[in-house]
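# What the coordinates show
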Amino acid sequence: MTDVTIGQIIDDCRLIIPELIVLGTLCAIIIWDMFLPKEKSPRTGWLALAGLAAALGVLASRFGEHSIFRFDFADPASSLATAGPAYGFSRMLVSDKLSDFFKFVFLFGTLMVVIFSMRSSELRGYRFGEYYTLLLGSVAAGSFLVSSNNFITLVVSLETLSLCSYVLVGYMKHDRLSAEASLKYILYGSVASGVMLFGLSYLYGMAGTLDISRSMVAVSLNEDNALTVLMTVLLIVGGLGFKIAAVPFHFWAPDVYQGAPTPITAFLAVVSKTMGFSAILRVMLPLFAVAGAAVPDDILAVRGALVGMIETSRLPVLFWVLSVATMTVGNLVALRQTNIKRLLAYSSIAHAGYILMGLTVYNNASLEAMLFYFFVYAFMNLGAFFVVIVLINQTGSSELEAYRGVAWKNPWLFICLFICLISLTGLPPTAGFVGKLKLFSVVTGAALADGGVATPTFWFYISLVIIAALNTAISLYYYMKIAKVMVFSDPEEAAHPAVPAVDGIHLLAYALSILIIFLQFSPVESMVRLFGP
Amino acid sequence: MVENNSNLLLLVTLAPLATSLVVIFAPRVTQAGFARVYALVGSIVTLLLSLGFISGMRADPAAYSSFMSVPWIEDWGIRFTLGLDGLSGMLVLLTNLLIVVSILASWTAITDRAREFYACLLVLQTGIIGTFLALDLFVFYIFWELMLIPLYLLIGIFGSSNRIYATMKFFLYTMAGSLLMLLGILTLYFKTAPLLDDGATFSIIRLVQVSSQLPIETQTIIFFAFAIAFSIKIPLFPFHTWLPDAHTEAPTAGSIVLAGVLLKTGVYGLIRFAIPLFPAVAEAYAPLFLALAVTAIIYGALTALVQEDMKRLVAYSSVSHMGFIVLGLFSFREEAISGAALQMLSHGISTGGLFYCVGLLYERRHTRLLSEFGGLAYNMKIYAVLTVIIVLSSVGLPGLNGFVGEFLILLGTFQVAPVAAAIATLGVILAAVYLLRMTQLALFGKLDREENKALTDLNAREISGLAALIFFALWIGLYPRPFLKLVEPTSRSLAELVEPGAGELVSDRVASIPANSPSQSDNRGQIDGAAGR
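As a starting point, this report considers the structure included with it. Along each chain, the written sequence defines residue order, and numbers are assigned to residues from 1. Think of it this way: whatever chain is written first is A, whatever ligand is written first is 1, and the rest follow in order. Thresholds applied to this predicted model are a pLDDT of at least 70 for local features of residues and 80 or more for the giving and counting of side-chain atom pairs; totals over whole chains, interfaces and linings are not thresholded and use all residues. Working from all heavy atoms in the structure, the side-chain values ignore hydrogens and water.

### A short note on the overall build of chain B
For clarity, the cut-off: Counting from the N terminus, the helices are the DSSP runs of H or I reaching at least four residues and the strands are the DSSP runs of E reaching at least two. As a reference, a globule follows 2.2 Å times the number of residues to the power 0.38, and the radius of gyration itself is taken over C-alpha atoms. Buried, partly exposed and exposed residues are distinguished by accessible area as a fraction of the type maximum, computed with a 1.4 Å probe on protein chains only: under 20%, between the cut-offs, and over 50%, respectively. The contact criterion used is simple: two residues touch if any of their non-hydrogen atoms lie within 4.5 Å. Where accessible areas are quoted, they stem from the Shrake-Rupley method and a 1.4 Å probe; at the residue level, only the protein chains shown are allowed to cover. Charge assignment in this entry is limited to Lys and Arg as positive and Asp and Glu as negative, and neither His nor the chain termini are counted. Where a charge lies is defined by one atom per residue type: Lys uses NZ, Arg uses CZ, Asp uses CG and Glu uses CD.
Within chain B, the regular secondary structure consists of 25 helices and two strands. For a compact globule of 533 residues, the expected C-alpha radius of gyration is about 24 Å, and chain B comes in at 22 Å, within 12% of that figure. When the backbone C-alpha atoms are referred to their principal axes, chain B occupies close to 75 × 55 × 45 Å. Relative to its 533 residues, chain B shows a buried fraction of 67%. In chain B, once contacts between residues fewer than 6 apart in sequence are set aside, the share between residues at least 24 apart is 81%. Summed over its atoms, the accessible surface of chain B is roughly 16800 Å², and 65% of this surface lies on carbon and sulfur atoms. Taken as two groups, the 31 positive and 34 negative side-chain charges of chain B have centres that lie 8 Å from each other.

Shown next, in the form of structure tokens:
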């Protein structure tokens, strides 16, 4: 630690160029905004767009340059020091394919949210300088979050992300719902952080280090600590579960989603949720890397101990329960919603449940299936939220009743929304179908892994996938409820203005992407392929 | 032979989809605009194109006379595989015929939002054709789901008063079934992967070769995953409750297509996928299916007996008739399976016709209650004549189509399950009772209502639609041999799969003409050959 030179730090900065670009843009926006009158402050959005696009470009140019952490059984000590990923800043940050992928999703999602903010009428009349500053701050924090290789970095980035989002949720300060949502978010968020820190203190006690990959491997190799591992993971997941709105940590989500400005709702549902998941995956990654690796026979014993740890600590059971509870509660409560933002909030809770299915299986395929799902989830949810923004611009309301017969006034708007909804349900011919198919097939594959049917493992996994399938059927009801209001009722007399061409093209791009990803999903698959070439 | 006619195959599948795009952009000149003209022309073109299959089908109904297979998603072993043999060709022709009829039936009934209506109908057609032609389980599943959405819109937008309830019920029922099937498909995919030397595949042709090597419990589970999905679609008692609601609320065209071909996709799935994949399981559980089929026959008939709503009556008669088809299928006698396949065609024609007849009255009087009618034969003479013919064909009068199939089914079933056959025969008698009751109450008796006196007889368009159906009803009734020859190889191979060595040529027995057909080569061998190249 003592021999860190300036040269090394500058060298390490190469790992975080995208983040540096975002932070630089952030500073530029603050300064520029000081010289802009209030009515011209929306212009800062263009700068935010440019900054995010540049960061995306840099990221894309070196995507997947560093491979993922992989535990070498033959030589555990050196593998921790020399394996694939690039570490920087005294192992505080790491750059690997996992972080590259998530940063890509974060930057892309935020880019879209900036466009949403420029098109949304809800935010009109507020200053935009701080708004974009906070948004860029969140995405930078999220990028550091998924790059953390140390629990200190993880906690600090998570808190930065939370603070930015608290303010963004309450950005419409003259709106009572918005202020209430912000307060609720803060209260829940601080408790969740406390819970997570408590869990981390146990981990530190067991492992003696805050280095994520080292401590997880150290803890895993100690078979006697199975129960403590379960407790620790439970507490950490409790803290991060707040971000992904997993049941029972979801109570804030509907109110916050409803109260927040709609672009921020989209940010919370897509980007912030993925950030929460990315942190969970970052912490759990050593377990995946270990259990999924193909290993020579002589070290099977070590591997057996690690796999045994996953089993004795009941991690699959923990995530089974979380997953089932999350998808079922999310879907059942969504059935009764009449506000489209609330409805999408519960729908996103249910989707967190589907993704959690992947954490019951510890192999490469499940990790890749989850990443794939994040990718399509971003597309279909951003598409749906953008339709909501356009609808709110037109009707000024987020109640479903206000959208009666919209399909007959704006057929294209409806078709785009319909494609997003079908994709959210998981029906072909859409990307959502492929995402769900991959998750289902991972769990089905795990059910059949020991060969027999009617074994406990089989029932454990197959029950999960059947529950998920039933949930999908339930979710169909409320997604189609949105379509039903728009199509099956006659339009109100009040004139709906036509959708601006810019928004129309943007929406069409979402709908087409969803269809194209379905038709040819191999490119996305290769993007999420963390192991192998 | 491989890749033979593959362009035509793709053309027939996609022509309706292309037409639907033309229809949706049709200018809105008059009330129904050009949409109906475009749709009619498009559907006739599709019908004519599909006539091109006939020569190939007749030459060798056992083989896939048209076959195409192009790689789609290579990592998963998914190939876009379509193939056409005697059975699927017959059903595709039926589909295309009924779509033309249903467009004629909607000519004046649907004037509001006609473009959307016809576009949905045509997308539905593509879904159905694809379902009948797909030879890759993944492709099959996608077409299978593709049928769902247009029908949802057709019933939900254009249905009668209680349509929302009916669509939701229909949608949830079938969706739950298809998700179960998806899990079955995945399980099959994973379990067969180690058995295949050329990698995992969804190709039904390859899967059939190895599926019997799976452990019997695995086979049972997958079989039921398929069988439940198909039973919901058929619908087999006790999964039938969605059908009367969906039929009653659907517009006439929806009912025609639903009863005429959609229900057949369930039976087709059993014949093409579930039974050939798992013959041992199908045989073991045949008594269960026979019992359910007999229950459906009697229950459907008794319920139809007391219906006041004509559409509900016809819907319950469908439950009863579909019971016959399942009965014939699970008796695993060659003649009974041939009868079942022929009955699929007959039922499509008769029940499609019945729904058309009811629809014609509904368009004139806007009621379907039997008590509202009476004595229509006095002022709607042509209508009465055509309706009576259709009713008799559905009842199973010798000389018309219904008789041949039912006779063969009962003949075959009697040899293996005499009790089931005896009870099922009661169903034939009951069919005469409820259908003739309907005829009597609607057409005969006193013409005592003022509204009914004013009703006009059928015009040329309406006659032509019904006449087309009656033409086929007579053809099948008088000379079923060409149709039986088409389905014979399929039924022989099914019967042999379950009970090796059973069966002689059915068409010979019926037509008592000595067979000199050279096409008795082994069906399985042909299929393997097609896959190999």
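### Thoughts on the interface of chain B and chain A
Using the following cut-off: Joining two parts hides part of their accessible area as seen by a 1.4 Å probe, and the buried area is that hidden amount summed over both. Criterion for a salt bridge: a side-chain nitrogen of Lys or Arg within 4 Å of a carboxyl oxygen of Asp or Glu. Two N or O atoms count as a polar contact when they lie within 3.5 Å, although within protein this holds only if one can serve as hydrogen donor and the other as acceptor, and sequence-adjacent residues are included solely when both atoms are side-chain atoms.
Tallying the contact residues gives 35 residues for chain B and 41 residues for chain A. Carbon and sulfur atoms make up 80% of the surface buried where chain B meets chain A, a total of about 3600 Å² over both sides. When the area that chain B buries against chain A is broken down by residue, the three leading residues are W76, R113 and L183 of chain B, summing to 16%. Where chain B touches chain A, the interface holds zero salt bridges. Viewed at the interface, chain A and chain B are joined by four residue pairs in polar contact (both at pLDDT 80 or more). It is helix 8 (residues 163–192) of chain B that contributes the most residues to the side of chain B that touches chain A, 15 residues altogether.

### Quick look at the environment of Y362 of chain A
Residues and elements named next belong to chain A. You can see Y362 is positioned in the loop between helix 15 (340–356) and helix 16 (364–395). Separated by 47 residues in sequence, Y362 and L315 have C-alpha atoms that sit 9.8 Å apart. Separated by 2.9 Å, the side chain of Y362 and the backbone oxygen of L359 make a polar contact.

### A look at the pattern of salt bridges
Across all of its chains, the model carries 21 salt bridges over all chains by this definition. Through salt bridges that share partners, E180, K184, D255 and R342 of chain A make up one connected network.

### Observations concerning helix 15 (residues 310–331) of chain B
Residues and elements named next belong to chain B. What counts is decided by this rule: In a helix, the anticipated span is given by 1.5 Å times the number of residues less one.
Its 22 residues give helix 15 an end-to-end C-alpha distance of 32 Å, which sits within 8% of 32 Å, the value for a rise of 1.5 Å per residue. Burial of helix 15 is extensive: 21 of the 22 residues sit out of reach of the surface. Backbone geometry just downstream of helix 15 places F332 in the positive-phi region, at approximately 55 degrees.

### Focus: the layout of surface pockets
Threshold: In this analysis the probe radius is 1.4 Å and the grid spacing 1 Å, with only protein atoms considered; a cavity is a set of points the probe fits into but cannot get out of, a pocket is an open set with protein on both sides within 12 Å along at least five of seven lines, and lining residues have an atom within 4 Å of a point. Grid points are joined across faces, edges and corners, and a volume is the space filled by probe spheres set on the points.
A volume near 1700 Å³ is recorded for the largest pocket. Contributing to the lining of the largest pocket are 45 residues, with I415 and I419 of chain A together with L17, L21 and V123 of chain B lying nearest its centre. For the lining of the largest pocket, the elements supplying multiple residues, two or more each, are helix 17 (406–409), helix 18 (411–425) and helix 21 (501–519) of chain A together with helix 1 (6–24), strand 1 (66–73), helix 5 (114–133), helix 6 (137–146) and helix 7 (148–158) of chain B. The element that contributes the greatest number of residues to the lining of the largest pocket is helix 18 of chain A, accounting for eight residues.

### Topic: unusual backbone geometry
Note that the residue after P428 of chain A, namely P429 of chain A, is joined by a cis bond; omega there is 0 degrees. In this fold, P429 of chain A is placed in the loop between helix 18 and helix 19 (431–447). Following F237 of chain B, the chain continues to P238 of chain B via a peptide bond in cis, the omega torsion being 0 degrees. One can find P238 of chain B in the loop between helix 10 (216–233) and helix 11 (242–249). Backbone geometry at A245 of chain A places phi at a positive 55 degrees, although glycine is not the residue there. Relative to the helices and strands, A245 of chain A is located in the loop between helix 10 (226–244) and helix 11 (252–259). Positioned with a positive phi, F332 of chain B is a non-glycine residue whose angle comes to about 55 degrees. When you line up the elements, F332 of chain B lands in the loop between helix 15 and helix 16 (334–365).

### Details of the packing of aromatic side chains
Rule in force here: Any two of the Phe, Tyr and Trp rings considered here, Trp counted by its six-membered ring, make a pair once their centres fall within 6.5 Å; the pair's planes then place it as stacked at under 30 degrees, edge-to-face at over 60, or tilted in between. In this analysis the charged atom, NZ for Lys or CZ for Arg, is taken to sit over a ring once it is within 6 Å of the ring centre and within 35 degrees of the ring normal.
By the definition in use, this model includes 59 aromatic pairs over all chains. A centroid spacing of 5.2 Å and a plane angle of 55 degrees characterise the contact between F277 of chain A and F374 of chain A, whose relative ring orientation is tilted. Pair noted here: F277 of chain A is in helix 12 (residues 262–292) and F374 of chain A is in helix 16, with a separation of 97 residues, a long-range link. On the basis of relative accessible area, F277 of chain A is assigned to the buried category, the value being 1%. According to the relative accessible area criterion, F374 of chain A is buried, its value standing at 1%. Seen in terms of ring centroids, F330 of chain B and F332 of chain B are 5.6 Å apart; in terms of plane orientation they differ by 70 degrees. Their pairing is edge-to-face. As far as the burial class goes, F330 of chain B and F332 of chain B line up, both buried. In this structure, K173 of chain A is placed above the aromatic ring of Y171 of chain A, and the distance from its NZ or CZ to the ring centre is 5.8 Å.

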